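# Structural overview for review
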Amino acid sequence: MIEDFVDFTPLIVVRHSERMDEVNSSSVKRFAMFMNYIKLNIFAVKEWEELLEQDSLWRATDPPITTNGINIARNAAEKIILLIGETLSNGGRKFKEIRIYSSMLLRAIQTAHQIALKLSLPVHLSSGLATISASVRKAGDSFPFQPLERLRSLCPGVEYIICDDNKNAETSVPRQNWRDALRYVCCKDKDVLNIVVAHRETIKKLAGKKLNTPYCCVALFQPQWSTSKQATGTSSQKSPEAASKDSADLSAELGFKFISKK
């Protein structure tokens, strides 16, 4: 049991938007028209798997969101702005900065892209946050995430920061476990409001309860750590090895109190 908590800036977790492989073929057509990637003769296809055959850069284990999903993500950005305002007006802890982190699965990145455009912020990309997905865990380091240049083409107008470089203590995030990645993000600076775009399982497992988690639902958590483990944290003066050790020490003492979901 975690005792003697110190509360710090709340954590906002957003589920990704509508997946193309979970809707009918009309959404596939609309997405193709919107992104202008696929020739008209592709519209004869009926299944997502057939769409994959037309472009080797699409991956069955990493589907994009639909055009409707883009609109849902834009609405989620508005919802997040209102939630931040409500949290502050209700006496929530003030913060010095907002950071957006995203799972490196394409559906999460495309969702984070819309939020980042609205907030004029960069997106920090973490493969660790994607390990809650069974396909990512199974593939391990060999999972074929979309290359950065393609992401910039799919989701323009936003700066992307890769967090998988363990030689950089300022941006590095653990890669092997989604919970360690999330705890590390929260421990880096308790005065930062983190918005994490991830997956429905992320919200459910953090909340520790069965929740209805529709596309782009927004959940609010209160990260809390024990004062006995609070003293360490990451800083620009620490080596990556020391920063990683600090994260491991803190993770055992860090909990997430579920507040609300919209």
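Everything that follows concerns the structure shown earlier in this document.
Here's what I pulled together on the structure shown here. (Residues numbered from 1 in each chain as written. Predicted model: local features only at pLDDT ≥ 70, side-chain atom pairs only at ≥ 80, totals over all residues. Heavy atoms only, no water.)

### Side note on the overall build of the protein chain
- Of the regular secondary structure elements, the protein chain holds 9 helices and 8 strands.
- In the protein chain, which comprises 262 residues, the share counted as buried stands at 51%.
- Carbon and sulfur atoms make up 48% of the accessible area of the protein chain, which amounts to about 12,400 Å² in all. (Helix = DSSP H or I, 4+ residues; strand = E, 2+ residues; numbered from the N terminus. Buried < 20%, exposed > 50% of the residue type's maximum accessible area, 1.4 Å probe, protein only. Areas by Shrake-Rupley, 256 points an atom, 1.4 Å probe, with all protein chains shown as cover.)

### A short note on the pairing of strand β2 (residues 11-15)
- Across the 5 residues that make up β2, a large majority, 5, are buried.
- Neither face of β2 is left uncovered, since the one carrying Leu 11, Val 13 and Arg 15 and the one carrying Ile 12 and Val 14 both have all their residues buried.
- The pairing of β2 with strand β6 (residues 192-198) spans 5 bridges and is classified as parallel. Counterpart to Val 14 in the pairing with β6 is Val 197. (Pairing = 2+ DSSP bridges.)

### Description of helix α3 (residues 67-89)
- The end-to-end C-alpha distance of α3 is 34 Å, a good match for the 33 Å that 23 residues give at a rise of 1.5 Å each.
- Turning to α3, its buried residues number three or more, namely Thr 67, Gly 69, Ile 70, Ala 73, Ala 76, Ala 77, Ile 80, Leu 83, Ile 84 and Thr 87. (Expected span 1.5 Å × (residues − 1).)

### Regarding the pattern of salt bridges
- Applying the stated criterion to the full structure yields 8 salt bridges.
- Across the pair Arg 175 and Asp 164 runs a salt bridge, and its minimum N-O distance is 3.9 Å. Pair noted here: Arg 175 is in the loop between β5 (160-162) and α7 (178-188) and Asp 164 is in the loop between β5 and α7, with a separation of 11 residues, a long-range link.
- The partly exposed category is assigned to Arg 175, whose relative accessible area is 37%.
- In this structure, a network of salt bridges that share partners links the residues Asp 141, Asp 164 and Arg 175. (Salt bridge = Lys/Arg side-chain N within 4 Å of Asp/Glu carboxyl O.)

### A short note on the nonpolar core
- Residues Ile 12, Val 14, Ile 80 and Val 123 are the most contacted members of the largest nonpolar core, which totals 31 residues.
- With near-sequence residues (within four places) excluded, Ile 12 lies in contact with Ile 80, Leu 83, Ile 84, Leu 193, Asn 194, Ile 195, Val 196, Val 218, Ala 219 and Leu 220.
- Val 13, Tyr 101, Tyr 184 and Leu 211 belong to the second largest nonpolar core, which has 26 residues in total. (Core = buried A, V, L, I, M, F, W, Y, C linked by side-chain atoms within 4.5 Å. Contact = heavy atoms within 4.5 Å.)

### Structural notes on the side chain of Arg 15
- By secondary structure assignment, the location of Arg 15 is in strand β2.
- With residues near it in sequence (within four places) discarded, Arg 15 still touches Glu 22, Thr 111, Ala 198, His 199, Arg 200, Ile 203, Thr 213, Pro 214, Tyr 215, Cys 216 and Cys 217.

### Remarks on α7
- Most of α7 is tucked away, with 9 of its 11 residues classed as buried.
- Looking only at α7, the buried set comprises Trp 178, Ala 181, Leu 182, Arg 183, Tyr 184, Val 185, Cys 186, Cys 187 and Lys 188.

### Concerning unusual backbone geometry
- The backbone phi angle of Ser 120 is positive, close to 55 degrees, even though this residue is not glycine.
- One can find Ser 120 in the loop between α4 (106-119) and β4 (123-126).
- We note that Cys 216 has phi near 60 degrees; this positive angle belongs to a residue other than glycine.
- Inspection of the secondary structure puts Cys 216 in the loop between α8 (200-207) and β7 (218-226).

### Description of the pairing of β6
- Along β6, 7 of the 7 residues are buried, which leaves the element largely enclosed by surrounding structure.
- Burial of the side chains of β6 extends over both faces: Val 192, Asn 194, Val 196 and Ala 198 are buried on one face and Leu 193, Ile 195 and Val 197 on the other.
- Bridging between strand β3 (residues 97-103) and β6 involves 6 bridges; their strand directions are parallel. Counterpart to Ile 98 in the pairing with β6 is Leu 193.

### What about the side chain of Thr 213?
- Along the polypeptide, Thr 213 turns up in the loop between α8 and β7.
- When neighbours within four sequence positions are excluded, Thr 213 is seen to be in contact with Arg 15, Arg 200, Ile 203 and Lys 204.

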